[in-house]
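Commentary on secondary and tertiary structure
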Amino acid sequence: MSSALWRADEVTAMRGALNAACKGVRGANPLVGASIIVDQQIVATGYHHGAGTAHAEVEAITQAQAAGYDLQGATAVVTLEPCNHTGRTGPCTRALIDAGIGRVVYAVADPHRQASGGADYLRRSGIDVVSGLCADEARQLNRRWLRAITENRPFVTAKIAQSIDGFVAAADGSSQWITGMEARHAGHELRAQADAILVGTGTVAADNPRLSARNAHGVERGAQPLRVVMGHTPVPSTAALRDGRWCQLHTHNPQEALAQLAARGIEHVLVEGGPTVTTAFIAAELVDSLVIYQAPIFFGTGKRSVGDLGIATLAAAHRFVLDTPPEQCGDDVVLHLSPTQ
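Conventions used here
Residues numbered from 1 in each chain as written. Predicted model: local features only at pLDDT ≥ 70, side-chain atom pairs only at ≥ 80, totals over all residues. Heavy atoms only, no water. Buried < 20%, exposed > 50% of the residue type's maximum accessible area, 1.4 Å probe, protein only. Helix = DSSP H or I, 4+ residues; strand = E, 2+ residues; numbered from the N terminus. Arc of directions from axis to C-beta. Contact = heavy atoms within 4.5 Å. Polar contact = N/O pair within 3.5 Å; in protein donor to acceptor, adjacent residues only side chain to side chain. Core = buried A, V, L, I, M, F, W, Y, C linked by side-chain atoms within 4.5 Å. 1 Å grid on protein atoms, 1.4 Å probe; cavity = no way out; pocket = protein on both sides within 12 Å on 5 of 7 lines; lining within 4 Å. Points joined across faces, edges and corners; volume = space filled by probe spheres on them. Nonpolar A, V, L, I, M, F, W, Y, C, P; charged D, E, K, R; others polar. Salt bridge = Lys/Arg side-chain N within 4 Å of Asp/Glu carboxyl O. Axes fitted to C-alpha atoms, helices over the stretch in contact; angles between N-to-C directions. Parallel < 35°, antiparallel > 145°, perpendicular 65-115°, else oblique. Left-handed = near helix turned anticlockwise from the far one by under 90°. Pairing = 2+ DSSP bridges.

**What about helix H9 (residues 254-263)?**
Within H9, burial applies to Pro254, Ala257, Leu258 and Leu261. Seen end-on, H9 carries its buried residues on one side only, within an arc spanning 95 degrees. Residues of H9 that are buried make contact with strand S6 (155-162), strand S8 (196-200), strand S9 (226-230), strand S10 (246-249), strand S11 (268-273) and helix H10 (275-283). Between the side-chain oxygen at the start of H9 and the backbone nitrogen of glutamine 255 there is a gap of 2.8 Å, and the oxygen is on asparagine 253. One or two residues past the end of H9 sits glycine 265, with phi positive at roughly 90 degrees.

Printed below as a string of structure tokens:
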């Protein structure tokens, strides 16, 4: 839609909502920001902090009400169509109606089958609803989430812990621990955000991981992701991951693996390797978010974090961009990246 159709305060509110959305967590849920306008004044801006937390609209509404604003007839500006279903939290449509919101401006429609339909529901409830403001920017923000939904597959996060020169193990195979304690704790936070953790049979044989999400004291959290092994080699009866909910996917094809996990209701997969599995997902262009823990060490030789991608020229390289500035994590540096396409 033409920018002439939007009030200046709505445009400013959407820009603020888009900036706030960037603070969220990439995964099964999209990045969403929301602003509340009362008498053409932006009184609150919220964003979705991650699975199980209040959605952006609810956070913005709560902020505004806590500040004493009457939201009867107010405008809500949201980067994504408000959801119309109950998951870990209630529907945002109900929250907007209960708050007395009179107008909703959103950027792009929600393609998720379960969550869509919010705009029509709000209109039937007497709320003025319009869409398309900053639509291109909103699509770009969630381009990989939108792709995963369109392809009917889980969102894929790949995690790599490596040396400066790109190795995940020394020449003798030793790899515990390349990164420091803080980075390992952050890795468990990543695990806690995922529905499933996926590794190859080689990693099971070499490291015998538990693949559980644990707190800073090493205690397993209440809710645990599905532990997934990809490959044909049988998982030993003594494997540590057998202590939890787990499965083996007898395939080397990432698309087939994701299809099987989607059939189980998995929406967010964390790929932890090893290099063969990570390479397969990158080569298939199925990595939606890449988190690299970079340790301040050199190996010079050993096992590389990514294998042969079949790339012979610079123009064919798989390109990623930083989602946020690099972060210091103890002695290590954390990079959060997304593919450019």
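**Some words on the nonpolar core**
Counting 44 residues, the largest nonpolar core has Met14, Ile36, Leu71, Leu96, Ile101, Val104 and Val129 as the members making the most contacts within it. It is strand S4 (residues 103-108) that provides the largest number of residues to this core, a total of 5 residues. Setting aside its immediate chain neighbours within four residues, leucine 71 contacts Ile36, Val38, Ile61, Ala64, Gln65, Ala99, Gly100 and Ile101. One finds Leu226, Val228, Ile266 and Leu286 within the second-largest nonpolar core, a separate group that totals 25 residues.

**With respect to the layout of surface pockets**
Here the largest pocket defines a volume of roughly 1,200 Å³. Every residue lining the largest pocket is counted, 48 residues in all, and those nearest its centre are Gln176, Trp177, Thr203, Asp207 and Glu272. Those elements giving two or more residues to the lining of the largest pocket turn out to be S6, strand S7 (167-169), helix H7 (181-193), S8, helix H8 (201-207), S11 and H10. Counting residues per element, the lining of the largest pocket draws most heavily on H7, at 7 residues. Here the residues of the lining of the largest pocket sort into 18 nonpolar, 22 polar and 8 charged.

**Some points on empty space enclosed by the protein**
Throughout the structure, instances matching the rule amount to 1 cavity of 30 Å³ or more. What lines the largest cavity is simply Arg26, Gly27, Asn29, Pro30, Leu31, Leu141, Asn142, Arg143, Arg144, Trp145 and Phe155. If one sorts the elements of the lining of the largest cavity by residue count, helix H6 (residues 143-150) sits on top with 3 residues. A class-by-class count of the residues in the lining of the largest cavity yields 5 nonpolar, 3 polar and 3 charged.

**Some remarks on the pattern of salt bridges**
Scanning all chains against the criterion turns up 18 salt bridges. A salt bridge links arginine 7 to aspartate 9; its shortest N-O distance comes to 2.9 Å. Notably, a salt bridge pairs aspartate 120 with arginine 123, separated by 3.3 Å at the nearest N-O pair. Of this pair, aspartate 120 and arginine 123 both sit in helix H4 (residues 118-124), separated by 3 residues, roughly a single helical turn. The class for aspartate 120 is partly exposed, based on a relative accessible area of 44%. With a relative accessible area of 37%, arginine 123 lands in the partly exposed category. Each of Arg7, Asp9, Glu10, Arg103 and Asp128 takes part in one network of salt bridges that share partners.

**Some points on the packing of helix H2 (residues 56-66) against helix H3 (residues 92-99)**
What describes two packed helices is the angle between their axes and the distance between those same axes. Interhelical geometry of H2 versus H3 gives an angle of 25 degrees and a closest axis separation of 9 Å. Of the possible angle classes, the one that applies to H2 and H3 is roughly parallel. Where H2 crosses over H3, the handedness of that crossing is left-handed. In contact with Glu57, Val58, Ile61 and Gln65 of H2, H3 contributes Cys92, Ala95, Leu96 and Ala99. Classifying every residue of the contact of H2 with H3 gives 6 nonpolar, 1 polar and 1 charged.

**Comments concerning H10**
Within the span of H10, buried status applies to Pro275, Val277, Thr278, Thr279, Phe281 and Ile282. Of the residues flanking the end of H10, it is glutamate 285, one or two places downstream, whose phi is positive at about 55 degrees.

**Observations concerning the environment of serine 289**
In this fold, serine 289 is placed in strand S12 (residues 289-294). The sequence separation of serine 289 and glycine 27 amounts to 262 residues, and the corresponding C-alpha distance is 8.0 Å. Once residues lying within four places of it in the same chain are set aside, the contact partners of serine 289 are Arg26, Phe155, Val156, Thr157, Ala158 and Leu337.

**Comments concerning the sheet that holds strand S3 (residues 75-80)**
Taking strand neighbours across the sheet as the criterion, the 5 strands line up as S2-S1-S3-S4-S5 in an open arrangement whose pairing is mixed. In the strand order of this sheet, the two ends are held by strand S2 (41-47) and strand S5 (128-131), each with one partner. Adjacent strand axes in the sheet meet at a mean angle of 15 degrees, parallel and antiparallel pairs treated alike. The pairing of S3 with S4 spans 5 bridges and is parallel. Residue pairing in the sheet places alanine 76 in a bridge with valine 104 of S4.

**Quick word on unusual backbone geometry**
Residues other than glycine predominantly adopt negative phi, and peptide bonds predominantly adopt the trans conformation. A cis amide bond links glutamine 176 with the next residue in sequence, tryptophan 177, at an omega value of 5 degrees. Within the secondary structure layout, tryptophan 177 lies in the loop between S7 and H7. One non-glycine residue, asparagine 152, lies in positive phi territory at about 55 degrees. With respect to the element layout, asparagine 152 can be found in the loop between H6 and S6. Asparagine 152 sits in the exposed class, given a relative accessible area of 64%. Positive phi is not limited to glycine here, since glutamate 285 has a value of about 55 degrees.

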